[in-house]
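Structural overview for review
Chain residues, written in single-letter form:
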Amino acid sequence: MIQAAGAEPTEVRTRTDLESVEALIIPGGESTTIGRLADLYDLIEPLRSRIESGLPALGTCAGMIFLASAVTEGTQPLLGVLDMVVERNAFGRQNESFECRLDVQGWDSPLQAVFIRAPLVDEISPDIEVLARHNGRPVLVGKEHILACAFHPELTDDLRLHKMLINLIQEQ
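In what follows, the accompanying structure is described.

Cut-offs used in this document
- Residues numbered from 1 in each chain as written.
- Predicted model: local features only at pLDDT ≥ 70, side-chain atom pairs only at ≥ 80, totals over all residues.
- Heavy atoms only, no water.
- Salt bridge = Lys/Arg side-chain N within 4 Å of Asp/Glu carboxyl O.
- Helix = DSSP H or I, 4+ residues; strand = E, 2+ residues; numbered from the N terminus.
- Core = buried A, V, L, I, M, F, W, Y, C linked by side-chain atoms within 4.5 Å.
- Buried < 20%, exposed > 50% of the residue type's maximum accessible area, 1.4 Å probe, protein only.
- Contact = heavy atoms within 4.5 Å.
- Polar contact = N/O pair within 3.5 Å; in protein donor to acceptor, adjacent residues only side chain to side chain.
- Pairing = 2+ DSSP bridges.
- Axes fitted to C-alpha atoms, helices over the stretch in contact; angles between N-to-C directions.

Our next topic: the pattern of salt bridges. With the rule as written, the count across this model stands at seven salt bridges. A salt bridge links Arg-15 to Asp-42; the nearest nitrogen and oxygen atoms lie 2.6 Å apart. In this pair, Arg-15 is assigned in helix α1 (residues 15–20) and Asp-42 in the loop between α2 (31–40) and α3 (44–52), connecting sequence segments 27 residues apart. A salt bridge links Arg-160 to Asp-158, with the nearest nitrogen and oxygen atoms 2.6 Å apart.

In structure tokens form, the structure reads like this:
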């Protein structure tokens, strides 16, 4: 998706990799595993520091959880760069996954969104902008140079969210 949106993707697995990128996507997957691996490889503080220093970031699904300051139940390593509480697997199990069209603030046409064991924002600080909602609940949010969504934009052909991230690089 990043390549199709006009940029060159690079995998980030080490501190050196992190130092070389101009933006970061924290993908979906299993948020506790993402947090534990980031902790194991001593990436929590470097990630937090880079993002807090202005590195544009996009968290999708589990990535949204990892960017948050808290989860509704349990504990797990989190970056805490977005002051919000996220409910993991808020839409249910894998077989309750779904697609829908979301109206995104400032966009002329809806975004097709794929929700797979998706989280929901339970509490959100006033400095975070809600860009899209599903059934009244925030599913796409932004704050300055950070974007987070509860769905998987990479599973559609719509490049707009990835282009938003690339544009954040150019705005620096």
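Here the narrative resumes, following the displayed structure.
The nonpolar side chains of soluble globular proteins are, as a tendency, buried together. Ranked by size, the top nonpolar core spans 53 residues in total, and within it Ile-51, Leu-67, Leu-79, Met-84, Phe-115, Val-141 and Phe-151 carry the most contacts. It is helix α4 (residues 62–67) that provides the largest number of residues to this core, a total of five residues. Filtering out sequence-adjacent residues up to four positions away, Val-141 remains in contact with Met-64, Leu-82, Met-84, Val-121, Ile-124, Ile-128, Glu-129, Val-130, Leu-131, Ile-146, Leu-147 and Ala-148.

The subject of this paragraph is the side chain of Gln-76. With respect to the helices and strands, the residue Gln-76 is situated in the loop between β3 (68–71) and β4 (82–87). A relative accessible area of 13% means that Gln-76 is categorised as buried. Of note is the side chain of Gln-76, whose polar atom sits 3.0 Å from the side chain of Ser-31. When near neighbours in sequence (up to four residues on either side) are disregarded, Gln-76 contacts Ser-31, Thr-32, Ile-65, Val-71 and Arg-88.

What follows concerns the sheet that holds β4. Reading across from one edge, β3-β4-β7 is the order of the three strands in this open sheet, with mixed pairing throughout. Every other strand in the sheet has two partners, leaving β3 and β7 (120–124) as the edge strands with one partner each. Ignoring strand direction, the axes of neighbouring strands in this sheet form an average angle of 40°. The sheet contact formed by β4 and β7 spans four bridges and is antiparallel. Across the sheet, Met-84 pairs through a bridge with Ile-124, a residue of β7.

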